[in-house]
Protein chains: 2
Amino acid sequence: MSNPEKNLYKQLEKQSKGSQVALGDALDQLIFNEAGLIPAIAQQFDSGEVLMMAWMNRAAIEETLHSKRVCYWSRSRNDYWRKGESSGNQQTLVSMSTDCDGDTLLLKVDQLGAACHTGRRDCFYNHISAQGLQISCDPIQDPSKLYGKH
Amino acid sequence: MSNPEKNLYKQLEKQSKGSQVALGDALDQLIFNEAGLIPAIAQQFDSGEVLMMAWMNRAAIEETLHSKRVCYWSRSRNDYWRKGESSGNQQTLVSMSTDCDGDTLLLKVDQLGAACHTGRRDCFYNHISAQGLQISCDPIQDPSKLYGKH
């Protein structure tokens, strides 16, 4: 990481609402990990449900901003992952923001159908408490029918 | 990563609502990164605001589950970070869940005051679009008065 005092996001902490930065500069200063990736949280824009967390590289961010179709980087497939490309369950971008440190993205999206590959609406169905883990919901779509449709 | 087919979370994908696992087994099978950390998204339980993302190790998860006061691991200080310990802006845990892969946590919390060290309610105030970055809100608390109170 470069000198944090010189980092754009550090400088923006004290700026006021409405302050602006050119897109290229904002993306240049994001903090990507050693694999060139930044975590992206996807939240349903109207209901507020947190649907999933995945990873983006710079090109995936730029494609998403311009196409409004959310594109991640799949760490397991080592390739671009255009959400819904095989399942049909697309994520349309409503807005994107980054946090104070410039190391996490929040995507407000409009999710068609299930966001989770298990067919559940969201990925956070494993509820954990001091009493243990309990599955909190069932699929809304049959996962065996989700893939290969498109 | 161990054989994914043998991973507990992979096995849970096809289980139904209400299925249970002992806490120790659930935590043993979480996917921590090479630093022993897992990302944790904090969401205000009633409004749905995504407040911040930070990191936890296993001990921080266990402490949080038992105390109901959210405890992260600070990567910059290399120490436990009991949210609100110096600012007074505590996060009380309402519920915790992990995603389908067991590699991300979602914490529903009740956040007192500002979650962000800049004094803003949440950390995601840098709005990014194809037109560039724009700061979307101002602090709700003076950050110079947030620390050292407690």
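First, a word on scope: everything that follows refers to the structure included in this document. (Residues numbered from 1 in each chain as written. Chains lettered and ligands numbered in written order. Predicted model: local features only at pLDDT ≥ 70, side-chain atom pairs only at ≥ 80, totals over all residues. Heavy atoms only, no water.)

### Description of the overall build of chain A
A count of helical and extended segments in chain A gives 3 helices and 9 strands. When the helices and strands of chain A are read in sequence order from the N terminus, they spell out α-β-α-β-β-α-β-β-β-β-β-β. Expressed as lengths along the three principal axes of its C-alpha atoms, the size of chain A is roughly 50 × 40 × 30 Å. The buried share of chain A, taken over its 150 residues, is 51%. The long-range fraction of contacts in chain A, counting pairs at least 24 apart against all pairs at least 6 apart in sequence, stands at 45%. (Helix = DSSP H or I, 4+ residues; strand = E, 2+ residues; numbered from the N terminus. Buried < 20%, exposed > 50% of the residue type's maximum accessible area, 1.4 Å probe, protein only. Contact = heavy atoms within 4.5 Å.)

### Some remarks on the environment of alanine 35 of chain B
All names here are of chain B. Looking at the secondary structure, you find alanine 35 in the loop between α2 (23-28) and β2 (38-44). Exposure remark for alanine 35: the relative accessible area of 56% places this residue in the exposed category. Along the primary structure alanine 35 and arginine 75 are separated by 40 residues, whereas in three dimensions their C-alpha atoms are 9.5 Å apart.

### A short note on the environment of cysteine 137 of chain B
Residues and elements named next belong to chain B. In this structure, cysteine 137 sits in the segment after β9 (132-135). On the accessibility criterion, cysteine 137 (24% relative accessible area) is partly exposed. On a C-alpha basis, the gap between cysteine 137 and tyrosine 72 in space is 25 Å, while along the polypeptide they are 65 residues apart.

### Structural notes on the pairing of strand β3 (residues 50-56) of chain A
Residues and elements named next belong to chain A. Of all 7 residues in β3, 7 are buried, a share of seventy percent or more. Note that strand β2 (residues 38-44) and β3 share 6 bridges and pair antiparallel. Paired with alanine 40 across the two strands is alanine 54, which belongs to β3. Hairpin connection, β2 to β3: the antiparallel pair is bridged by 5 residues, and glycine 48 has positive phi, about 85°. (Pairing = 2+ DSSP bridges.)

### Section: helix α3 (residues 58-67) of chain A
All names here are of chain A. Residues Ala60, Ile61, Thr64 and Leu65 constitute the buried set of α3. Buried residues along α3 cover an arc of 130° about the axis, so they all sit on one side. For α3, the N-terminal capping position is held by asparagine 57, with its side-chain oxygen 3.3 Å away from the main-chain nitrogen of alanine 59. The positive-phi residue at the C-terminal boundary of α3 is lysine 68, with phi of around 65°. (Arc of directions from axis to C-beta. Polar contact = N/O pair within 3.5 Å; in protein donor to acceptor, adjacent residues only side chain to side chain.)

### Description of the interface of chain A and chain B
In this complex, chain A contributes 53 residues to the contact, which on the side of chain B involves 54 residues. Regarding the contact of chain A and chain B, the summed buried area is about 4,500 Å², with carbon and sulfur atoms giving 60% of it. Inspection of the chain A/chain B interface yields 2 salt bridges. Here arginine 75 of chain A makes a salt bridge to aspartate 103 of chain B, at a shortest N to O gap of 3.3 Å. The interface formed by chain A and chain B contains 28 residue pairs in polar contact (both at pLDDT 80 or more). In terms of residue class, the side of chain A that touches chain B is built from 24 nonpolar, 20 polar and 9 charged. Pairing geometry for strand β8 (residues 126-129) of chain A and strand β6 (residues 91-98) of chain B, over 3 bridges, is antiparallel. Its bridge partner lying in β6 of chain B, asparagine 126 of chain A is registered against threonine 98 of chain B. (Buried area = accessible area lost by both parts, 1.4 Å probe. Salt bridge = Lys/Arg side-chain N within 4 Å of Asp/Glu carboxyl O. Nonpolar A, V, L, I, M, F, W, Y, C, P; charged D, E, K, R; others polar.)

### Notes on the nonpolar core
One finds Met56 and Leu107 of chain A together with Met56 and Leu107 of chain B to be the most contacted residues of the largest nonpolar core, which totals 68 residues. Ranked by size, the runner-up nonpolar core spans 16 residues in total, among them Leu37, Ile41, Val50 and Phe124 of chain B. (Core = buried A, V, L, I, M, F, W, Y, C linked by side-chain atoms within 4.5 Å.)

### A look at the packing of aromatic side chains
How two aromatic rings sit relative to each other is set out by the distance from centre to centre and by the angle between their planes. Applying the stated rule across the entire model yields 4 aromatic pairs over all chains. Judged by centre distance (5.2 Å) and plane angle (45°), the rings of tyrosine 72 of chain B and tryptophan 81 of chain B are tilted. A relative accessible area of 27% means that tryptophan 81 of chain B is categorised as partly exposed. Note on tryptophan 73 of chain B and tyrosine 80 of chain B: the rings are 4.9 Å apart at their centroids and 90° apart in plane angle, and the pair reads as edge-to-face. Overall, the relative accessible area of 17% leaves tryptophan 73 of chain B in the buried class. Taking relative accessible area as the criterion, tyrosine 80 of chain B reaches 26% and is therefore assigned partly exposed. Sitting above the plane of the tyrosine 125 of chain A ring, arginine 120 of chain A keeps its charged end 3.8 Å from the centroid. (Phe/Tyr/Trp six-rings, centres within 6.5 Å; stacked < 30°, edge-to-face > 60°. Lys NZ or Arg CZ within 6 Å of the ring centre and 35° of its normal.)

Take it as geometry only, folks, not as evidence of what the structure does.
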